[in-house]
Amino acid sequence: QVQLVESGGGSVQAGGSLRLSCAVSRATVSNYCMGWFRQAPGKEREGVADIDRSYATTYTESVKGRFTISRDNAQKTVYLQMNSLKPEDTGMYYCAARLGLCTPRPADFRDWGQGTQVTVSS
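Residues numbered from 1 in each chain as written. Predicted model: local features only at pLDDT ≥ 70, side-chain atom pairs only at ≥ 80, totals over all residues. Heavy atoms only, no water.

Chemist: How should the overall build of the protein chain be read in this particular structure?
Modeler: Broken down by element type, the protein chain carries 0 helices and 11 strands. Ordered by position from N to C terminus, the α and β elements of the protein chain give β-β-β-β-β-β-β-β-β-β-β. In terms of overall size, the protein chain behaves like a compact globule, its C-alpha atoms giving a radius of gyration of 13 Å where 122 residues would be expected to give roughly 14 Å. Counting only residues that meet the buried cut, the protein chain has 39% of its 122 residues in that class. Residue pairs at least 24 apart in sequence account for 58% of intrachain contacts in the protein chain once pairs closer than 6 positions are excluded. Accessible surface for the protein chain amounts to roughly 6,300 Å². Of this, 46% is attributable to carbon and sulfur atoms. (Helix = DSSP H or I, 4+ residues; strand = E, 2+ residues; numbered from the N terminus. Rg over C-alpha atoms; globule rule 2.2 N^0.38 Å. Buried < 20%, exposed > 50% of the residue type's maximum accessible area, 1.4 Å probe, protein only. Contact = heavy atoms within 4.5 Å. Areas by Shrake-Rupley, 256 points an atom, 1.4 Å probe, with all protein chains shown as cover.)

Chemist: Hey, could you run me through the sheet that holds strand β7 (residues 67-72) in this one?
Modeler: The strands making up a sheet associate through backbone hydrogen bonding, with each pair oriented either parallel or antiparallel. In space, the 4 strands of this open sheet follow the order β1-β3-β8-β7, with antiparallel pairing throughout. Taken across any chain shown, the strands that pair with only one partner, and hence form the sheet edges, are β1 (3-7) and β7. Within the sheet, the average angular offset between the axes of one strand and its neighbour, ignoring direction, is 15 degrees. Where β1 lies against strand β3 (residues 18-25), 5 bridges are found, and the strand directions are antiparallel. Counterpart to Q3 in the pairing with β3 is S25. (Pairing = 2+ DSSP bridges. Axes fitted to C-alpha atoms, helices over the stretch in contact; angles between N-to-C directions.)

Chemist: Would you mind showing me how to read the packing of aromatic side chains here?
Modeler: A ring pair, where both rings are aromatic, is described by two values, the distance of the centres and the angle of the planes. If you walk through the whole model with that rule in mind, you get 4 aromatic pairs. Note on Y94 and W112: the rings are 6.3 Å apart at their centroids and 80 degrees apart in plane angle, and the pair reads as edge-to-face. Of this pair, Y94 sits in strand β9 (residues 91-99) while W112 sits in strand β10 (residues 111-112), and the two are 18 residues apart along the sequence. W112 gets classed as partly exposed once you look at its relative accessible area, which sits at 23%. (Phe/Tyr/Trp six-rings, centres within 6.5 Å; stacked < 30°, edge-to-face > 60°.)

Chemist: Mind showing me how you'd approach the nonpolar core here?
Modeler: Side chains that are nonpolar tend, in soluble globular proteins, to be buried together. Counting 27 residues, the largest nonpolar core has M34, W36, L80, M82 and Y93 as the members making the most contacts within it. Mapped onto this core, the elements with two or more residues apiece are β3, β4 (32-39), β5 (46-51), β7, β8 (77-82), β9 and β11 (116-121). If you tally residues by element for this core, the top one is β3, at 4 residues. Discounting chain neighbours no more than four positions away, the residues touching L80 are L18, R19, L20, W36, V48, A49, F67, T68, I69 and Y93. (Core = buried A, V, L, I, M, F, W, Y, C linked by side-chain atoms within 4.5 Å.)

It is worth stressing that arrangement in space is one thing and function is another; only the former is reported here.
If you want it as structure tokens, here you go:
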């Protein structure tokens, strides 16, 4: 089973930046769609960004132009660069892996990390 470990979360003021990392083990990361999801208190988990095996990326509308997802297959790591952070970006951020095509639906991803907390203050 794929193991995913997120890091890089923290507390920042609005307008600040963070870079999240997702270390992948027990899998050939190049075979997977990799996604970042987030969940705010009292809300459903939502897709933030994903990157497929050909490095094509998709983003939820609210983060377009501010977040960038990337992958380094040799290092078995997926990144989420988050700039111009807003208070509404606050939440637990999860990395997830899926064999096959990327989708924005959390239910389509089998393997998940434990999450890393991002808190943005105004």
